[in-house]
Amino acid sequence: MVSRRRVLVGLLGLSLVRGQGLRVEEVVGGLEVPWALAFLPDGSFLVSERPGRIQWVREGRARLYAELPVYHRGESGLLGLALHPRFPLEPYLYAYRTVEEGGLRNQVVRLRHQGEKGVLERVVLDGIPARAHGLHSGGRIAFGPDGMLYVTTGEVYERELAQDLSSLGGKILRITPEGRPAPGNPFWNRQGARPEVYSYGHRNPQGLAWHPGTGELFASEHGPSGEQGFGHDEVNVIVPGGNYGWPRVVGQGNDPRYRDPLYLWPEGFPPGNLAFWRGELFVAGLRGQALLRLSLEGERGGWRVVRVDTALSGYGRLREVQVGPDGALWVTTSNRDGRGQVRPKDDRVLRLR
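First things first, this report covers the structure right here in the doc. Owing to the predicted nature of the structure, the values given are computational and were not obtained by experimental measurement.

Side note on the sheet that holds strand β16 (residues 217–221)
- With antiparallel pairing, the 4 strands of this open sheet are ordered in space as β15-β16-β19-β20. Strands with a single pairing partner mark the edges of an open sheet, and in this sheet they are β15 (205–210) and β20 (263–265). Here the average twist between neighbouring strands, direction ignored, is 20°.
- Looking at chain direction, strand β19 (residues 233–238) and β20 are connected through 3 bridges and run antiparallel. Of the residues in β20, the one forming a bridge with Val-235 is Tyr-263.

A short note on unusual backbone geometry
- In this chain, Trp-246 is followed by Pro-247 through a cis amide linkage whose omega measures 0°.
- Tracing the sequence through the fold places Pro-247 in the loop between β19 and β20.
- The amide bond that connects Asp-346 to the next residue, Asp-347, takes the cis arrangement and shows omega of -10°.
- Structurally, Asp-347 is set in the loop between β26 (329–333) and β27 (349–352).
- Backbone geometry at His-232 places phi at a positive 60°, although glycine is not the residue there.

Comments concerning the packing of aromatic side chains
- Scanning the model with the defined rule gives 12 aromatic pairs in all.
- Judged by centre distance (6.1 Å) and plane angle (55°), the rings of Phe-39 and Phe-45 are tilted.
- With relative accessibility at 3%, the residue Phe-45 sits in the buried group.
- Ring centres of Phe-218 and Phe-276 lie 5.0 Å apart, and the angle between their planes is 85°; on these two criteria the pair is classed as edge-to-face. Separated by 58 residues along the polypeptide, Phe-218 in strand β16 and Phe-276 in strand β21 (residues 271–277) bring together distant segments of the chain. The same class applies to Phe-218 and to Phe-276, which are both buried.
- Here the aromatic residues Phe-39, Phe-45 and Trp-330 are joined through ring pairs into a cluster of three or more.
- The ring centre of Tyr-92 lies 3.7 Å from the NZ or CZ of Arg-110, which sits over that ring.
- Positioned above the aromatic ring of Trp-246 is the side chain of Arg-203, whose terminal nitrogen or guanidinium carbon lies 5.5 Å from the ring centre.

Considerations on the side chain of Glu-155
- Inspection of the secondary structure assignment puts Glu-155 in the loop between β12 (149–152) and β13 (171–175).
- For the buried Glu-155, which has no salt bridge, the nearest side chain bearing the opposite charge is Arg-203, at an N-O separation of 4.9 Å.
- In this structure the side chain of Glu-155 is engaged in a polar contact, spanning 2.8 Å, whose partner is the backbone nitrogen of Tyr-157.
- A polar contact of 2.8 Å, which involves the side chain of Glu-155, links it to the side chain of Trp-246.

What counts, and at which threshold
- Residues numbered from 1 in each chain as written.
- Predicted model: local features only at pLDDT ≥ 70, side-chain atom pairs only at ≥ 80, totals over all residues.
- Heavy atoms only, no water.
- Pairing = 2+ DSSP bridges.
- Helix = DSSP H or I, 4+ residues; strand = E, 2+ residues; numbered from the N terminus.
- Axes fitted to C-alpha atoms, helices over the stretch in contact; angles between N-to-C directions.
- Phe/Tyr/Trp six-rings, centres within 6.5 Å; stacked < 30°, edge-to-face > 60°.
- Buried < 20%, exposed > 50% of the residue type's maximum accessible area, 1.4 Å probe, protein only.
- Lys NZ or Arg CZ within 6 Å of the ring centre and 35° of its normal.
- Lys, Arg positive; Asp, Glu negative; His and termini not counted.
- Salt bridge = Lys/Arg side-chain N within 4 Å of Asp/Glu carboxyl O.
- Polar contact = N/O pair within 3.5 Å; in protein donor to acceptor, adjacent residues only side chain to side chain.

This is how it looks when you write it as structure tokens:
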């Protein structure tokens, strides 16, 4: 079991985002690799910590909500969170984790919300590939406007898994809240294909966001980091059954068999999550250590990025970005993940308003 730590909570200060007219409120600090946020109806929120804890932050205080056994190495452990869309009538919290017992793998589990804590109820989806190095586990989960649960998975450095429709690795999956393949999935009746698959040819996608006007799904994805060049991190518009090319193409392939990215960072900007806020798309940057704002023009099926600027910097690695029920933009740092420079009060949850 992962040891419990004290979490520093409170309003840690306000600072102006240079040139952007936004203010940053540091809501909570002292977290250990926070990965995802889930907002409760009363204005409090849950935050996952990669070593296996979920903290509940409420009324200026944080306390342990749940602790799950995980395999915590590399990029693996306790990752994404998502509340059931009918919460609290359906009192469930979903989480993505890496486990070792019974064979190393990633899985989606469901916790029941019981008063002051979450209790692990059952495994919703099992058998997502994981490897001992702990890399390329994907891990973002989110409910879409259709009420289905979308799950990003990595190809665990076994590149061909991304093109293998019989594997759950290197994919975006779409399942019901009970864990069954969602009706209408594109490979439901294809022999040898997993019916949970929604799109494929992904290397290590870690962000999901739906356009507020059209309902289109956007995803962020990490490009190569040495095995087939460097950089070429992406934002993609996801279509059912789309093949996004990895490892057949890197970045902009201009090959009609594969979907080209909406936006590409040739020199690299490994992204965390992404979110639409006030009509623009915000992308959290890990190695890039910034929150970028992408301004879009176009319409459904024909978007283009016309401007990119920095909305937030100076806090190190950023992983989660999400619009809260208060209308503010919420961001987490990830400086304690073994790849960043740890700063006082790290890691933190920030609120932009």
